[in-house]
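Working through the structure, step by step
These are the residues of each chain, in order.
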Amino acid sequence: MKTLITIFLLVLSANTLSYVENVTKGYANCMSCHISPNGGGILTDYGRVLSSAMMSTWKVRPGFENPYYGLFKNTQSLKLGGQLRTIQVHAENNQVKIAKKFVMQNNLEFAYKIKNVNIVGTIGRQEGPKTTKRKGEFLSERHYLLWETSEDTRVRIGKFKQHFGINTPDHTRFVKQSLGFGSNSETYNFEVSKYYDWGEINISQSVGDFFAHKADDLQKRNLVFNFTHYGNGSSRFGTSLLLGRDSLNKRRVYGVNAVSGLSKNTYFLSELNYERKIELNSSDISTDALFGVHTLGYKAFKGGTGYFVFEHSQNDLSKNESLILSPGVGVQLLPIPHVEVQLEYQRRSYQVAKNNPEHRSFMIFHLYH
Amino acid sequence: MKKILLMLLIININVANASKVISSKVKFQATGKPAFLKINGEGKLGVTKLKIVGNKLIGSIEVDLNELDSGIELRDNHLKENYLETKKYPKAILYLDHADLLKGSSENTLEAVLELHGVKKTIEFISTIKINEKVLTVESEFSIKLSDFKIAIPSFQGITVSKIVKLNITAKIELD
């Protein structure tokens, strides 16, 4: 039975990412395509059509964009989805050479709507490299109730990733990981989002992860404010504030972000976050950090985008040796609906070992059913 | 009555020849809810017949609705087939029968008749007009209510477009 479930989950899976660059096509927020107000996860019917009509190189056949490549058709109240993401990573410098291949994510997702309330949940298993804790165990990344209190207001309660800054797929961005918004950073939260013609306001409070193993639970509690102004249909500019604490520190994070269409096929994504962390045991000891990620992309053809990326982090601004600079180039291909291939190379240099940069490359194969 | 007919005849004679459109852009923007999705589209001016007589701008401007492009083929087809019904009504025409131009000012409030989807309706809008020798540079912005032109509110897979659509016309036209 276990084997059967495993095989099933390997074939069918959940959680979809947001393609933030669609902001430049008039999609100022994620709600057109995703049931989650902040993007990611299960798609709306409109989102499914868009993946075929706007994002993929080839259409295959009518209905292919439906769940599980046309095997299922969403109803008015029930939406299904799934996600499987695998990665092949290669990293090397003068001393070390690492090559890994593993499943990053594999789960199923459903959304069931009763009147104005969506019940959303994923079932899957913990994935990751061999060293991942509890690899292979049952994992529900998200489960929440989303109440559409009006056409432009959403109230959400349950387990999901708190919204902070630009909601890109964070799995490969180390600067988001450093801020605590990487893979498996979902917590139990209460969230209110209000949308206007000019922008959006989003406030959320996390109350931790009720089912986290005691050894892993750092008792993170974050209060997050996001304010975003929509541009003229091809851009958005935002600020974010996080007031948080865990069992070791309290912290504040101030962020600014922008997504802008520079021309019909060129876009720019930028996020810069400043963090001040204070140790709970000694209020005299504080650390200031700065994290940023910037991307310049060019859509060469439908379903084919090339980009430059630049990530930088300094987790202690008083210590120059903590500086990491990581420029890179990448290609994102969406050949057919709900199939994505991403290749990226980064040259990551650590200030402490300037003459020994790390060459990192990865290839992600992603099915979002 | 005879006078009016004679005036109309003179106007028609005056604007019988098409003006040369040097450059033009017709933009439209509609908002889709619930996601405040901005649908931006573009087109170009078609046959344009404009003339300045005294302080009046007279003539007509056509837009070929089949040329409208919002960046997504499926959306364009949906808009043209189901809402604008371009097979039946392929053009939108703006008639300027007596648009007074203010002396010494480039900003003018114009009154015109817009024919869209088989319905004619008088609209008023602010237009920036500059005339340099025979070249007319114009920028106009106005909004229309879809129901005024008997166009159904477009809706697709849970996204419904707002009742008001913003239009922006910029053009450089060589007058006769």
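Please refer to the structure placed before this passage.
One structure accompanies this document, and this report is about it. Only a predicted model underlies this, so the values are computations on that prediction, with no experimental measurement involved.

Looking only at helices and strands, chain A features four helices and 17 strands. The C-alpha atoms of chain A give 20 Å as radius of gyration, which agrees with the globular expectation for 369 residues (21 Å, within 12%). Expressed as lengths along the three principal axes of its C-alpha atoms, the size of chain A is roughly 55 × 55 × 40 Å. Buried residues in chain A amount to 53% of all 369 residues. Considering only contacts within chain A whose residues lie at least 6 apart along the sequence, 54% involve residues at least 24 apart. Element-wise, carbon and sulfur atoms account for 61% of the exposed surface of chain A, whose accessible area totals about 17,200 Å². Within chain A, the 31 negative side-chain charges are centred at a point lying 4 Å from the centre of the 44 positive side-chain charges.

Attention shifts here to the pairing of strand β16 (residues 339–350) of chain A. Residue and element names in this part refer to chain A. Here eight bridges tie strand β15 (residues 323–333) to β16, and the two strands are oriented antiparallel to one another. The residue bridging Val 331 from the neighbouring strand is Leu 343, located in β16. Following β15, the chain reverses through five residues before pairing antiparallel with β16; His 338 in that reversal takes a positive phi of roughly 70 degrees. Judged from the ten bridges that link them, β16 and strand β17 (residues 358–368) form a sheet pairing that is antiparallel. Its bridge partner being in β17, Tyr 345 is matched across the sheet by Ser 361.

Residues and elements named next belong to chain A. Examined against the element boundaries, Ile 98 turns out to sit in strand β2 (residues 97–114). By relative accessible area, which is 41% here, Ile 98 ends up partly exposed. Measuring from C-alpha to C-alpha, the distance between Ile 98 and Asn 273 comes to 30 Å, with 175 residues separating the pair along the chain. Setting aside its immediate chain neighbours within four residues, Ile 98 contacts Val 89, His 90 and Ala 91.

Criteria and thresholds
Residues numbered from 1 in each chain as written. Chains lettered and ligands numbered in written order. Predicted model: local features only at pLDDT ≥ 70, side-chain atom pairs only at ≥ 80, totals over all residues. Heavy atoms only, no water. Helix = DSSP H or I, 4+ residues; strand = E, 2+ residues; numbered from the N terminus. Rg over C-alpha atoms; globule rule 2.2 N^0.38 Å. Buried < 20%, exposed > 50% of the residue type's maximum accessible area, 1.4 Å probe, protein only. Contact = heavy atoms within 4.5 Å. Areas by Shrake-Rupley, 256 points an atom, 1.4 Å probe, with all protein chains shown as cover. Lys, Arg positive; Asp, Glu negative; His and termini not counted. Charge placed at Lys NZ, Arg CZ, Asp CG, Glu CD. Pairing = 2+ DSSP bridges.

What is shown is where atoms sit, not what they do.
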